[in-house]
Structures are given as C-alpha cells and as structure tokens.
Amino acid sequence: MTRIRKAVLPVAGLGTRFLPASKAVPKEMITVVDRPAIQWVIEEAFAAGIEHAVLVTGRNKSAIEDHFDHAPELEATLRERGKEELLNRLLADLPAAGRLSYTRQQRPLGLGHAVACARDIIGEEPFALLLPDMLSLAEPGHMSQLMEVHEKTGGNIIAVEEVPREDTHKYGVVAIGEAMAEGVWRITGMVEKPAPEDAPSNLIISGRYILQPEIFRLLADQAPGAGGEIQITDAMKRLLAEQPFFAVRTRGETHDCGSPLGFLKANLAFALNDPALADDLRAEMARLLKAAP
Ligand code: UTP
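Residues numbered from 1 in each chain as written. Predicted model: local features only at pLDDT ≥ 70, side-chain atom pairs only at ≥ 80, totals over all residues. Heavy atoms only, no water.

Some remarks on the site of the ligand
Not every one of the 18 residues close to the ligand is listed here, only the nearest: Thr16, Arg17, Gln105, Gly110 and Asp133. In isolation the ligand exposes 560 Å². Once the protein is present, 87% of that is buried. When grouped by side-chain class, the residues that make up the shell around the ligand number nine nonpolar, five polar and four charged. (Near = heavy atom within 4 Å. Areas by Shrake-Rupley, 256 points an atom, 1.4 Å probe, with all protein chains shown as cover. Nonpolar A, V, L, I, M, F, W, Y, C, P; charged D, E, K, R; others polar.)

Right, here's the structure in full:
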C-alpha cells in the first residue's frame, strides 16, 4: 500500500461567513484556545505521519507563512527576559525546515480549484486533504483514523459525520452502500450542499480526505458547480466512476469553525479538553449562564 506522505491544506478562501474578523486576518489564523486553527490542523496532519504539507494560500494570507517561521526579534526578547520555557515552546512548534510548501491560488475559484493548484507539488502519489476550518477533537486525530482505514482498503477515503437532516444544505453529503467494517462504508454517490429532502443520507463530508492523484486530471476540466465554485465534490463524483471511495465515520468530534457559532463551540470544546483550563472554564460558564438574560 502506498504510504501517504503529503497533505494539501487549502487556505485561500475569502472567509465571508467570518467577516469582519476575516477582513485583514486570514480566518485560518483565528485563535482556538491558544493557537490558530491552522496550527491545530497541521499538528493533526503531522501526528498522522504526514511528512510534507502544501498550503494553498492567496492574497492577504502572509500571516500564515509568518506564523510558521522564526520571529527573530520576539525570540531575542524572550531570551533576554529569561522566558526560556515560552521560547522553547514556540521553537518546538515550528515545523522543520522544508516540511511546508506554499503555492498561491491567484483567484478564489473554489475548493476544487485550490486543490488543483497543489498538483505539481503532490505529483503522482495519493495525498491527504485537510480543510483547516474543520477542527477535529479526537484521539487519535481524524487524519490518523483515515490512514488506518486506508492501510486496509487503499482507494479514496472520506471522513464523514452524522448531522441533523436540516443541516445537510451546508455540506457535501455521501450516499453509502455496503458496510466494510463498523463505521466504514463503500460510497455510492455524493452531492454538494443538498436540500434536506434531496440529501441521500445525513452523513456529511467533514473536511478530511485521502485522494488518489487521478483527481488532478478531473479537476483540470471541472466545471463550476454549487455557488458557482469549482467543487472538489464534483470531481470526486467523477472519480467515483473509476475508483473505489470509502466513507469513514470518525470517532470524536468535528467542529466547523467557518462560522462564528461553530468557532465559539470549538473554543469551548477545545478548552474543556485542556486540563489547565477545564475546571475554571466550567465555573465561568456556569456563572455566565446564570447571569445571562
Ligand atoms: P470554505 O467555503 O469553508 O471557505 O472552504 P471560504 O470560501 O473561505 O468561506 P466562506 O464560505 O466565504 O465563509 C473550505 C476551505 O477551502 C479554502 C478555504 O480557505 C477553507 O479553508 N478555499 C475555499 C480555498 O482555498 N480556495 C477557494 O477558492 C475556496
């Protein structure tokens, strides 16, 4: 089985659901507890064995590159002030030189188009795709769970999660056939953002994928779909006619940080998962709920 060495993280979207916060700050840099969302997702990818991450960026996104680079003045000041522990933590967070690549999507034409921008860096091997506005709170992380299934099945893998039917219009939704194992099914169809009555299931695509490189050939001539954007789901649907796809219902939680409510929920869930914060946060939440109108 080919090992999955590379991951694509598209970060070139406009983040319109998160305005005005995302006007000058990339939404992927918005903080969940103590680090930007993109850092959580890179950590998840590296924990799953990814060796190299390709970030597809756009205009206004240079803060992301700066975040994963040395900050000489800051580091010198922390050293002078004897804040060695903080400094060492910052340095430990830096991916080793050469583990990240950046390529630009010059216009935000859609997620499928963003993924296509990484084709030359990925080359002819299967790769992971992680959407940085979907945060997974799970041990092992969702990407690791996908890797585990891929080792057995090969092919293309999509992480899915059950949602209430009325929410299907916000996501890609899969149709499933035969169960391969507990929580693993053969995918028989996919549809992007269906109305609840048209949705083939309530299993939504939750932002983690393993894809075969043939997807790039299909993305090259993929016509715009839902929302006038070039959608990865439309290209995956075409690849489904040639190759097997498997849905994996991941264990743990997914938080959609693309909207303010999802982002707030992610912050609370991640903080409640942090022993240094959980007890104090519980007490604060109880106090706030009591005081709320
Ligand atoms: P989203 O649709 O959630 O992000 O895409 P968006 O377009 O930035 O947000 P809204 O809908 O306007 O609020 C999922 C991921 O794909 C990236 C986004 O940055 C996000 O991480 N993306 C989306 C691109 O890189 N390029 C695109 O053209 C579209």
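Next comes the rest of the write-up.
Here we look at the pairing of strand S4 (residues 52-57)
The two faces of a sheet get side chains in turn, since along a regular strand they alternate between them. Counting buried positions along S4 yields six of six residues, so the element is predominantly enclosed. Burial along S4 is two-sided: His52, Val54 and Val56 facing one way and Ala53, Leu55 and Thr57 facing the other are all buried. Alignment of strand S1 (residues 6-10) against S4, held across five bridges, turns out to be parallel. Paired with lysine 6 across the two strands is histidine 52, which belongs to S4. Relative to strand S5 (residues 100-104), S4 runs parallel, the two sharing five bridges. Looking at S5, one finds that threonine 57 is bridged to arginine 104. (Buried < 20%, exposed > 50% of the residue type's maximum accessible area, 1.4 Å probe, protein only. Helix = DSSP H or I, 4+ residues; strand = E, 2+ residues; numbered from the N terminus. Pairing = 2+ DSSP bridges.)

Here we look at the packing of helix H10 (residues 260-272) against helix H11 (residues 278-291)
With their axes 8 Å apart at the nearest point, H10 and H11 run at an angle of 135 degrees to one another. The angle between H10 and H11 places the two elements in the oblique class. Residues Leu268, Ala271 and Leu272 of H10 pack against Ala278, Leu281, Arg282 and Met285 of H11. Across the contact of H10 with H11, the residue classes break down as six nonpolar, no polar and one charged. (Axes fitted to C-alpha atoms, helices over the stretch in contact; angles between N-to-C directions. Parallel < 35°, antiparallel > 145°, perpendicular 65-115°, else oblique. Contact = heavy atoms within 4.5 Å.)

Considering the packing of aromatic side chains
Across all of its chains, the model carries three aromatic pairs by this definition. Plain terms: the ring middles of phenylalanine 18 and phenylalanine 263 are 5.3 Å apart, the flat faces sit at 85 degrees to each other, and that makes the pair edge-to-face. One end of the pair, phenylalanine 18, is in the loop between S1 and strand S2 (31-32); the other, phenylalanine 263, is in helix H10, and 245 residues separate them in sequence. Assigned by exposure class, phenylalanine 18 and phenylalanine 263 land together as buried. Geometrically, the ring pair formed by phenylalanine 127 and phenylalanine 216 is stacked, given 5.1 Å between the ring centres and 15 degrees between the ring planes. Pair noted here: phenylalanine 127 is in strand S6 (residues 127-130) and phenylalanine 216 is in helix H8 (residues 215-220), with a separation of 89 residues, a long-range link. (Phe/Tyr/Trp six-rings, centres within 6.5 Å; stacked < 30°, edge-to-face > 60°.)

That's the geometry; what it means functionally is another story.
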